[in-house]
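These are the residues of each chain, in order.
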Amino acid sequence: HRLLDDDGNEVGPGEIGTLEITGPSAGAGYWRLRDKSRETFHGDSVIGGDKFLVDEAGYFWYCGRGDDMLKCSGVYVSPVEVENCLTTHPAVSEAGVVGVRDSAGLEKAAAFIELEAGHEGTDALAEAIIEHAKRVNADLLVCGIITIIQSLGVGRILGARLPIIGGSTFIQ
């Protein structure tokens, strides 16, 4: 097993890559899905859609599905990791992170945040949340766009609905 970048090169410790597993139990392909089979199965190797990070000790850490990951400034970003970091701020009740395209067509991480009762969405609070996230995890690519939303009343933020919700947006 090893981790590969988008060009099929092995990545080093601390980098996110796609997991390749090699062994005699690799499948031959997907039933009636020729193109998907060609992407996934290579002889006795399987290249799935999961993104992992390997640490210095050789342990693999699951980062998310490749189709759920964001690629911002050439770096893979796990929306779940960013959401977990943002929710450690005392003013944040829930957070959802999605990719949005800027005017140049580049993907940026955008956070939609539901505040705890008693907090009001302001530029200063959005900036404080971003600075807090940077302190909690300096290696994390933090969102430059934060949208404060009202409660969705569902107990959790649904990622697919975020771009159409709207709210007060603060851009760093």
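Please refer to the structure higher up on the page.
Thresholds applied
Residues numbered from 1 in each chain as written. Predicted model: local features only at pLDDT ≥ 70, side-chain atom pairs only at ≥ 80, totals over all residues. Heavy atoms only, no water. Helix = DSSP H or I, 4+ residues; strand = E, 2+ residues; numbered from the N terminus. Contact = heavy atoms within 4.5 Å. Core = buried A, V, L, I, M, F, W, Y, C linked by side-chain atoms within 4.5 Å. Buried < 20%, exposed > 50% of the residue type's maximum accessible area, 1.4 Å probe, protein only. Expected span 1.5 Å × (residues − 1). Arc of directions from axis to C-beta. Salt bridge = Lys/Arg side-chain N within 4 Å of Asp/Glu carboxyl O.

Student: I keep staring at the side chain of histidine 132 and nothing clicks. Help me out?
Tutor: Topologically, histidine 132 is positioned in helix α3 (residues 123–136). When neighbours within four sequence positions are excluded, histidine 132 is seen to be in contact with Cys85, Thr88 and His89.

Student: What's the story with the nonpolar core in this structure? I'm lost.
Tutor: For soluble globular proteins, the rule of thumb is that nonpolar side chains tend to be buried together. Among the nonpolar cores identified, the biggest contains 21 residues, and Leu86, Val97, Ile113, Leu115, Ile129 and Ile146 are the most heavily contacted of them. A per-element tally of this core places α3 first, with five residues. Apart from residues lying up to four places away in sequence, leucine 115 is in contact with Ala91, Ser93, Glu120, Gly121, Leu125, Ile129, Ile148 and Ile149.

Student: Explain unusual backbone geometry to me, please; I cannot follow it from the model alone.
Tutor: The bulk of non-glycine residues show a negative phi, and the bulk of peptide bonds are trans. Backbone geometry places arginine 32, a non-glycine residue, at a positive phi of 60 degrees. Looking at the secondary structure, you find arginine 32 in the loop between β2 (16–22) and α1 (34–40).

Student: Looking at this structure, I do not really get α3. What am I missing?
Tutor: Given 3.6 residues per helical turn, the α-helix brings residues three or four places apart onto the same face. Taking 1.5 Å of rise per residue, 14 residues should cover 20 Å, and α3 covers 20 Å from first to last C-alpha, within 8% of that figure. Of the positions making up α3, those classed as buried are Leu125, Ala126, Ile129, Ile130, His132 and Ala133. An end-on view of α3 places all buried positions within 160 degrees of arc, on one side of the element. Structural note: α3 exposes Asp123, Ala124 and Arg135 on the side pointing more than 90 degrees away from its buried face.

Student: In this structure, what is going on with the pattern of salt bridges? I would like to understand it.
Tutor: Any two side chains of opposite charge can pair, on the condition that their charged atoms come close. Considering all chains together, one arrives at six salt bridges under this definition. Between glutamate 20 and arginine 2 there is a salt bridge, and its shortest N-O distance comes to 2.5 Å. On the criterion of sequence distance, the pair formed by glutamate 20 in strand β2 and arginine 2 in strand β1 (residues 2–4) is long-range, its members being 18 residues apart. In this structure, aspartate 50 engages arginine 65 in a salt bridge whose closest nitrogen and oxygen atoms are separated by 3.0 Å. Taken together, the residues span a long stretch of sequence, with aspartate 50 in strand β4 (residues 45–54) and arginine 65 in strand β5 (residues 60–65) at a distance of 15 residues. With a relative accessible area of 32%, arginine 65 lands in the partly exposed category. Shared partners join several salt bridges into a network, and the residues in it are Arg2, Glu10 and Glu20.

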